[in-house]
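# Structural overview
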Amino acid sequence: MQTALATPNGANNAAASAAAVARRAAAYIENRVAEEAEGPVTLEELARHCGVSPWHLQRQFKQALGVSPRQYDDALRMKQLKRGLKRGDGVAAATFEAGYGSSSRVYERAMTALGMTPASYAKGGKGASIFYAISACGLGKLLVAATERGLCRVELGTADRALLEDLTSEFPEAESIERDDAALGSYVTELLRRIDGAKPREDLPLDIQVTAFQRRVYEELLRIPTGETRSYAEIAEAIGQPSASRAVGNACATNPVALAIPCHRVLRNNGTLGGYAWGIERKQALISAERRAARRAG
């Protein structure tokens, strides 16, 4: 009797087969969204199209792309919605084009994905009330901005005026952008602790615009223990997309909330620091401070 053994070639063939199924499923979802079909496509429908069981499809899709079919569909529809809103189609037309079945559903989703209602997003944040605080810190200046839902911007810089200009350019049509150091005091205190290398004491609520892929990356960054680092390749591997190192780097580079999402803990695959939106020297200082604090804590 012969016993079947797992071989490298067999493993490679299985991986290639899983990737092919994922690509076929992704193409089906993309066509559905392009045709303005009301969605999302069900897992059962997608499995029938690909000729596999729903369980296997879900597993293979997430293994290949790092997100579930539902998250992939949702991200495409939200992208379609954003494109229509920016084009000036109007909320009703953009909602229909993106395949959302009802305005209530799109508003519910948009509050999470856009950080504001579709009408506000279409107008550069019009209707949003933003409060900010600026504090001196060991790395220069820290700007913290938030809506009533949570942090929408955290930046490091050297001058109050430049930080405020960046904030207003990010939300050019906000209903108001007002300074309120007292209201944001607890957020500022927590972020200053993190600049000094301390472990997070509390979770910080966020109100940011992210894609499904960025969400997976940011969730993984939050799992990196204080005082440790990971490479772009390690993050890509952890989210189930080992070939997505470059995309992980892009997600880190576009992180809108420094420190709240610790993108400074990710290094190039060769161990060098890589880039950092707020300056490579600040990235090195943050890593060094966290390592010192971790050693002191034992």
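Conventions and cut-offs
- Residues numbered from 1 in each chain as written.
- Predicted model: local features only at pLDDT ≥ 70, side-chain atom pairs only at ≥ 80, totals over all residues.
- Heavy atoms only, no water.
- Helix = DSSP H or I, 4+ residues; strand = E, 2+ residues; numbered from the N terminus.
- Buried < 20%, exposed > 50% of the residue type's maximum accessible area, 1.4 Å probe, protein only.
- Contact = heavy atoms within 4.5 Å.
- Pairing = 2+ DSSP bridges.
- Phe/Tyr/Trp six-rings, centres within 6.5 Å; stacked < 30°, edge-to-face > 60°.
- Expected span 1.5 Å × (residues − 1).
- Arc of directions from axis to C-beta.
- Core = buried A, V, L, I, M, F, W, Y, C linked by side-chain atoms within 4.5 Å.
- pLDDT = per-residue confidence, 0-100.
- Axes fitted to C-alpha atoms, helices over the stretch in contact; angles between N-to-C directions.
- Parallel < 35°, antiparallel > 145°, perpendicular 65-115°, else oblique.
- Nonpolar A, V, L, I, M, F, W, Y, C, P; charged D, E, K, R; others polar.
- Salt bridge = Lys/Arg side-chain N within 4 Å of Asp/Glu carboxyl O.

Once that is clear, we can look at the overall build of the protein chain. Across its full length, the protein chain carries 13 helices and 6 strands. Looking at the protein chain as a whole, 46% of its 298 residues are labelled buried. Summarising the internal contacts of the protein chain: among those between residues at least 6 apart in sequence, 60% fall at separations of at least 24.

A word on the pairing of strand β2 (residues 140–147). A large share of β2 lies buried, amounting to 6 of its 8 residues. Summarising the sheet, strand β1 (residues 129–137) and β2 pair through 7 bridges and their orientation is antiparallel. Looking across to β2, one finds that Y132 is bridged to A145. The hairpin turn running from β1 into β2, its antiparallel successor, is 2 residues long. Between β2 and strand β3 (residues 150–157), which pair antiparallel and follow one another directly, the connecting turn spans 2 residues.

So, about the packing of aromatic side chains. Per the counting criterion, the structure on display carries 2 aromatic pairs. Both rings, one in F61 and one in Y72, keep their centres 5.6 Å apart while their planes meet at 70°; by these two values the pair is edge-to-face. Taken together, the residues F61 in helix α3 (residues 54–65) and Y72 in helix α4 (residues 69–87) connect sequence positions 11 residues apart. For F61, a relative accessible area of 0% corresponds to the buried category. Ring centres of Y276 and W278 lie 5.5 Å apart, and the angle between their planes is 70°; on these two criteria the pair is classed as edge-to-face.

With that settled, the discussion passes to α3. With 12 residues, α3 should reach 16 Å at 1.5 Å per residue; the first-to-last C-alpha distance of 16 Å fits that figure. Of all the positions in α3, only L57, Q60 and F61 are classed as buried. All buried residues of α3 lie within an arc of 100° about the axis, which places them on one face of the element. Once α3 finishes, G66 follows within two positions and takes phi at roughly 85°, a positive value.

The next subject is helix α10 (residues 212–221). With 8 of 10 residues buried, α10 is to be regarded as a mostly interior element. When we look at burial in α10, the residues that qualify are A212, F213, Q214, R216, V217, Y218, E220 and L221.

Let us now look at unusual backbone geometry. Notably, L259 is not glycine yet its phi reads approximately 75°, a positive angle. Examined against the element boundaries, L259 turns out to sit in the loop between α12 (245–253) and β6 (266–267). Using a relative accessible area of 4% as the deciding quantity, one classes L259 as buried.

Moving on: the nonpolar core. Nonpolar side chains in soluble globular proteins tend to end up buried together. If you look at the biggest cluster of nonpolar residues, it comprises 40 residues, and the most contacted ones within it are L142, L151, L156, I195, V217, L221 and V248. Mapped by element, the contributors of at least two residues to this core are β1, β2, β3, α9 (185–195), α10, α11 (232–238) and α12. With residues up to four places along the chain from it excluded, the contact list for V248 reads F213, V217, Y232, I235, A236 and I239.

With that settled, the discussion passes to the confidence of the model for the protein chain. Looking at the protein chain, the pLDDT average stands at 80 and 77% of residues meet or exceed 70. When mean pLDDT is taken per element in the protein chain, strand β5 (residues 230–231) scores highest with 96 and helix α6 (residues 103–113) scores lowest with 45. Across residues 1–12 the pLDDT falls below 50, and counting only partners more than four positions away or on other chains, this stretch makes 0 contacts in the model. Counting contacts from residues 101–119, a segment whose pLDDT is below 50, to residues more than four positions away or on other chains yields 43 contacts.

Moving on to the environment of F171. Here F171 lies in the loop between α8 (160–170) and β4 (176–179). Residue F171 is classed as buried on the basis of its relative accessible area of 8%. Linking F171 and I130, residues 41 residues apart in sequence, is a C-alpha distance of 8.9 Å.

So, about the packing of helix α2 (residues 43–50) against α3. A packed helix pair is summarised by two numbers, namely the angle formed by the two axes and the spacing between the axes. At their nearest, the axes of α2 and α3 sit 9 Å apart, and the two run at 90° to each other. In this view, α2 runs roughly perpendicular relative to α3, as classed from their interaxial angle. Here α2 contributes L43, E44, L46, A47 and C50 to the contact with α3, which in turn contributes P54, L57 and Q58. Of the residues belonging to the contact of α2 with α3, the class tally is 6 nonpolar, 1 polar and 1 charged.

In this section: the pattern of salt bridges. Side-chain pairs of opposite charge can arise whenever the charged atoms involved come near each other. Counted under the stated rule, the structure contains 11 salt bridges. Between E219 and R216 there is a salt bridge, with the nearest N and O atoms lying 3.9 Å from each other. With E219 and R216 both in helix α10, this residue pair falls 3 residues apart, about one helical turn. One salt-bridge network, held together by shared partners, links E190, R193 and R194.

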